[in-house]
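Chain by chain, the residues run as shown.
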Amino acid sequence: MPEAYEKWSEGRNETVKIIKISTDLEMTVHDFPGGNYSQQNHLLRELIGNHCSIYERVMPKRLYTELHMKRSTTNVPGECVCMLVDEEGLSKEIPPNLIGSYLYETDIHKQRIVGNILFVGEAWEEDGIGFCGIDDKVFAVLEQKLTDLLHSAKEVKEESKG
């Protein structure tokens, strides 16, 4: 676990969470994985699923312009949020992620996000930026905004069936 994250989380009672959005438009909340860097990466890849062997950090424009998340890593671990996606997802036959694609502005440049996505926090580490759970205050706002976005996406999906 990142040293800055360990220092920050000392004495805190709450666990720090991350958010997963599936291709089925379902949101689940998970604890940020513990362990060393390798163990964390393994668990994050498992959460993404679809035999993810490498993930990519994505900074989708609408996450910052429409959902108003912080785009730059700050001194508070988890205050900045990014999205993790399957780096090789486009080469696999997995469905698009409507929320990830919307936030990534696929409607403008036609590059889709496929598979399950994770929203994680960022923290400064000795070697640069690392991943951590999302700060509690940021998490509450992001969870509500993603819930609203999911509701809208489900309505659009239902209308397109009819």
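Residues numbered from 1 in each chain as written. Predicted model: local features only at pLDDT ≥ 70, side-chain atom pairs only at ≥ 80, totals over all residues. Heavy atoms only, no water.

## Regarding the packing of aromatic side chains
Our working rule: Note on aromatic contacts: the rings of Phe and Tyr and the six-membered ring of Trp form a pair at centre separations within 6.5 Å, being stacked when their planes are under 30 degrees apart, edge-to-face when over 60 apart, and tilted otherwise. Only when the NZ of Lys or the CZ of Arg is both within 6 Å of the ring centre and within 35 degrees of the ring normal is a charge said to sit over the ring.
Taken as a whole, this structure holds one aromatic pair when the rule is applied. In this arrangement the basic side chain of R62 is found over the ring face of Y102, its NZ or CZ atom lying 4.4 Å from the centre.

## Points about the state of the cysteines
Under the convention used in this document: Two cysteine sulfur atoms make up a disulfide if the distance between them is within 2.5 Å.
Counted under the stated rule, the structure contains zero disulfides. Not part of a disulfide, C80 finds its nearest cysteine sulfur in C82, a span of 6.7 Å.

## Section: helix α6 (residues 136-161)
Formally: Segments assigned H or I by DSSP are reported as helices when at least four residues long, segments assigned E as strands when at least two residues long, and all are numbered from the N terminus. The length a helix should cover is 1.5 Å for every residue beyond the first. Burial here depends on accessible area, computed with a 1.4 Å probe over protein chains only, as a share of the maximum for the residue type. Under 20% is buried, over 50% is exposed, and the range in between is partly exposed. Pairs of residues are marked as contacts when any of their non-hydrogen atoms sit within 4.5 Å. The definition of a polar contact used here is a pair of N or O atoms within 3.5 Å, where within protein one atom must be able to donate a hydrogen and the other to accept one, and adjacent residues in sequence count solely through side-chain atom pairs.
The end-to-end C-alpha distance of α6 is 37 Å, a good match for the 38 Å that 26 residues give at a rise of 1.5 Å each. Among the residues making up α6, those that are buried are V138, F139, L142, L146, L149, L150 and A153. Elements that come into contact with the buried residues of α6 comprise β1 (17-21), β2 (27-31), α3 (61-65), β4 (80-86), α4 (98-103) and β5 (117-125). The opening residue of α6 is D135, an N-cap whose side-chain oxygen sits 3.2 Å from the backbone nitrogen of K137.

## Observations concerning unusual backbone geometry
Where the residue is not glycine, phi is negative for most of them; where a peptide bond is considered, it is trans in most cases. Even without glycine at this site, N50 takes up a positive phi of about 55°. If you trace the backbone, N50 turns up in the loop between α2 (37-48) and β3 (55-58). We note that H51 has phi near 60°; this positive angle belongs to a residue other than glycine. Locating H51 in the fold gives a position in the loop between α2 and β3. Judged by relative accessible area, H51 falls into the exposed class, the value being 78%.

## Some points on the pairing of β5
Note the following rule: A pair of strands is treated as paired once DSSP finds two or more bridges between them.
When you tally the buried positions in β5, you get seven out of nine residues, the bulk of the element. Pairing between β1 and β5: three bridges, direction antiparallel. Residue pairing across strands places K20 opposite L118, the latter belonging to β5. As paired elements, β4 and β5 share five bridges and run antiparallel to each other. When the sheet's bridge partners are listed, C82 is paired in β5 with V120. Pairing geometry for β5 and strand β6 (residues 128-132), over five bridges, is antiparallel. Bridging across to β6, E122 finds its partner in F131. Joining the antiparallel neighbours β5 and β6 is a turn of two residues.

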